[in-house]
Amino acid sequence: MVYLTKQGPKKKPKGKHPDRALSAAFIRSVDRAGRYCDGNGLYLHVDPSGARRWVQRLQIHGRARSLGLGGYPLVSLAEAREQAFANRKVARSGGDPLAARHQVQGVPNFAKATAKLIELHRPGWRNAKHAAQWERTLSTYAFPLLGGRPVSRITTADVLAVLTPIWHSKPETARRVRQRVGAVMKWAVAQGYRGDNPAGEALGQALPKHSHVKRHMAALPHGEVACAISAVHGSNASKVVKLAFEFLVLTAARSGEVRLATWDEIDLKKQEWTIPAERMKAKRSHRVPLSGRAMEILNEARALSDGNGWIFPSGTGRALSDSTLSKLLRELGIQAVPHGFRSSFRDWGQENTNHPRTVMEAALAHTVRDKTEAAYARSDLFDRRRKLMDQWERYLNAERGEVIPRGV
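To start, this report covers the structure provided alongside it.

### Overview of the overall build of the protein
And step 1. Broken down by element type, the protein carries 18 helices and nine strands.
And step 2. A buried classification covers 40% of the 408 residues belonging to the protein.
And step 3. Taking contacts inside the protein between residues at least 6 apart in sequence as the whole, the part at least 24 apart equals 58%.

### Here's the deal with the packing of helix α7 (residues 156–163) against helix α8 (residues 171–190)
And step 1. At a minimum axis distance of 10 Å, the contact between α7 and α8 shows a crossing angle of 155 degrees. With respect to α8, the element α7 is oriented roughly antiparallel. Once α7 is placed against α8, the crossing between them reads as right-handed. Mapping the contact onto sequence places V159, V162 and L163 in α7 and A174, V177, R178 and V181 in α8.
And step 2. Residue classes in the contact of α7 with α8 are distributed as six nonpolar, no polar and one charged.

### Overview of unusual backbone geometry
And step 1. Here the residue pair Y72 and P73 is connected by a cis peptide bond, since its omega of 10 degrees sits within 30 degrees of zero.
And step 2. Take P73: it is sitting in the loop between β6 (63–72) and α2 (77–92).
And step 3. In this model, Q271 sits at a positive phi of 55 degrees, which is unusual for a non-glycine residue.
And step 4. Note that Q271 resides in the loop between β7 (266–267) and β8 (272–275).
And step 5. The exposure class of Q271 is partly exposed, given its relative accessible area of 33%.
And step 6. Notably, A365 is not glycine yet its phi reads approximately 60 degrees, a positive angle.
And step 7. Residue placement: A365 occurs in the loop between α16 (357–363) and α17 (371–376).

Parameters and conventions
Residues numbered from 1 in each chain as written. Predicted model: local features only at pLDDT ≥ 70, side-chain atom pairs only at ≥ 80, totals over all residues. Heavy atoms only, no water. Helix = DSSP H or I, 4+ residues; strand = E, 2+ residues; numbered from the N terminus. Buried < 20%, exposed > 50% of the residue type's maximum accessible area, 1.4 Å probe, protein only. Contact = heavy atoms within 4.5 Å. Axes fitted to C-alpha atoms, helices over the stretch in contact; angles between N-to-C directions. Parallel < 35°, antiparallel > 145°, perpendicular 65-115°, else oblique. Left-handed = near helix turned anticlockwise from the far one by under 90°. Nonpolar A, V, L, I, M, F, W, Y, C, P; charged D, E, K, R; others polar.

This is the structure we're talking about:
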């Protein structure tokens, strides 16, 4: 092999290999055609026309290969050295930098990767609304900076630039954006498009701490729940909405579980309501014991039924919208959201009864987080929960000043 220098061609020198043999000044001024070695297999090729380009010679899987690194001055000496060093590390570890570079051509941008991830998870999400929230959040805050960029080239600095403008002004939105960007990046890692998650630990260290205190959903003290029921029944809301609200309170269920309830989920003889797994947060079916008043509500709702299958249909024959109950509470000045009545029930159970925590948690269909405890929690404690829900009804009746039949 022959090397070219300022003095002309010479044979390959013996001993130590060249390292950083070229200089920026030489590269700018050289006009003699040939190949000039810098080290790490990096060469500057000078064509007879004077054009200059970088080429690296490497042993990849036992074969000598040539990799073009770009032309000068578009690729500087420092950039060529950095890329050559990175390629050599990949080759020494058994990788193929040439194949990796060819693969980059098939790397999707962030917007396309997001679409692929959403389609992957869509069957497991509870409803289409969740997918729409993902798309809206990322298209609004992440796509302007990241949408057209290949996922392999997104850096922690890029994600930080997305989050910084909203980190303090919209903390909850920023948290969701970070989580969702991170999910897309984890997908990219799993697909082999990159080796790290730029929305991971390093980003957490760079972001400032939030000073705000997390707010829980608005809930009433349990002593005021009966008054809320009376206020709803005295309002101008439709009969169905009034019944749905009281049923929600009596069963301590989530709003969506009540609004989307259908008659085929009810066993009138056993006085049970079985919510299917696909409508439960924990993705497990949940049996709800129905108290006497809950059964009365169902009988009243049955008389209003138009045969469409919903227990509490809207005026158009569809399920009640997710804003119907919350809007009614706001209009009546009730300082709570529908979900907050689950908290009211939980506080009452803890303060006014002797029922174990496990019974109250089972009544709320909460998942047992402790793995050891969960392994032994095979029963749904249904009979004990029935006693709890009957006691909850009696408490609400007493607060409303109603007469409680003996023996109940």
